[in-house]
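Inside the fold
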Amino acid sequence: MLEKSFFDRPVLEVAREIIGATLLFDGVGGSVVEVEAYDETDPASHSFRGPTLRNRVMFGPPGHAYVYKIYGIHYCLNFVCRPGSAILIRALEPVRGLETMRARRGGLADRQLCSGPGKLAQALGIDLRHDGLGLDVPPFGLRAADAAHPIATGPRIGTTKGAETPWRFVLAGSRYLSRPLPKVQPDL
DNA sequence: AACTGGATCGTCT
DNA sequence: GACGATCCAGTTG
């Protein structure tokens, strides 16, 4: 199981290593295939303008869940690293509790159960009640990746600010991503 | 395959 | 009072 000290490192380092890790919530979840990194130097980050009521967990100790509501509808799960930095969990390959996730996600195909931050939170049953919980104790269960995984990177999704920062990390070739990596523009 | 608009509300200006 | 670290259904090509 991953301990809190795992997250007390530079956020980009943790983001790469968390790919391929297993994330369970109440025994439901799967393998992490897509994340994005954010830190306090980053205009796109919730922590950029300092602590507020919403983002206070991002400034607390490493190894806790930062959960927020977005667009009035969806929830997003982050892993807090060093103060001001966090990793948005964007997609999982579903492995455990498939029937539970299908029920929560309206019977969709496996590929669409956890292929996006809001979808993933819905499939695992995560909401604001879980903001601030420790990642090393139930209902969370995190297991490190058992081997090195091929990583691909690209720009982050859904944010205008800092759009050129390639802080999106995915498991290369996975079919469970929220979206494929953008095509490389050929030179003219 | 790509793009559009609507849902819906907490948070911060 | 405006705007999201999103998702889905609908339309168009």
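So, here is what we can say about the structure in this document. For clarity, every value in this text was computed on a predicted model and none was experimentally measured. (Residues numbered from 1 in each chain as written. Chains lettered and ligands numbered in written order. Predicted model: local features only at pLDDT ≥ 70, side-chain atom pairs only at ≥ 80, totals over all residues. Heavy atoms only, no water.)

1. So, the packing of aromatic side chains
Scanning the model with the defined rule gives four aromatic pairs in all. Between Phe6 and Phe7, the ring centres sit 5.1 Å apart and the planes meet at 80 degrees, which makes this aromatic pair edge-to-face. The exposure classification of Phe6 matches that of Phe7, with both residues buried. Ring centres 5.7 Å apart and planes at 75 degrees place the aromatic pair Phe7 and Phe79 in the edge-to-face group. With a gap of 72 residues between them, Phe7 in the segment before α1 (11-18) and Phe79 in strand β4 (residues 74-80) connect regions that are remote in the sequence. Phe79 carries the same exposure label as Phe7, and that label is buried. Three or more aromatic residues link up through ring pairs in this structure, and these residues are Phe6, Phe7 and Phe79. Here the basic side chain of Arg9 rests over the ring of Phe6, its NZ or CZ set 4.7 Å away from the ring centre. (Phe/Tyr/Trp six-rings, centres within 6.5 Å; stacked < 30°, edge-to-face > 60°. Buried < 20%, exposed > 50% of the residue type's maximum accessible area, 1.4 Å probe, protein only. Helix = DSSP H or I, 4+ residues; strand = E, 2+ residues; numbered from the N terminus. Lys NZ or Arg CZ within 6 Å of the ring centre and 35° of its normal.)

2. Quick word on unusual backbone geometry
Glycine aside, a negative phi is what most residues show, and trans is what most peptide bonds show. A cis amide bond, omega 5 degrees, links Pro138 with the succeeding residue Pro139. For Pro139, the location among the structural elements is in the loop between α3 (117-124) and β6 (140-143). Its identity is not glycine, yet Asp26 carries a phi of approximately 55 degrees, on the positive side. Here Asp26 lies in the loop between β1 (22-25) and β2 (28-38). Given a relative accessible area of 57%, Asp26 falls into the exposed group. Although it is not a glycine, Tyr71 adopts a positive phi angle of roughly 55 degrees. With respect to the helices and strands, Tyr71 occurs in the loop between β3 (65-70) and β4.

3. Describing the protein's contact with DNA strand C
The environment of DNA strand C is made up of 17 residues, and the closest members are Tyr68, His74, Asn78, Arg105 and Gly118. Counting only atoms of DNA strand C within 4 Å of the protein, the sugar-phosphate share comes to 52%. The separation between a base nitrogen of DNA strand C and a polar main-chain atom of Ala44 is 3.3 Å. Within the side chain of Arg105, a nitrogen or oxygen atom sits 2.9 Å from a phosphate oxygen of DNA strand C. Listing elements by their share of the surface near DNA strand C, those giving two or more residues are β3, β4, β5 (86-96) and α3. For the surface near DNA strand C, the element with the most residues is α3, which contributes three residues. (Near = heavy atom within 4 Å. Polar contact = N/O pair within 3.5 Å; in protein donor to acceptor, adjacent residues only side chain to side chain.)

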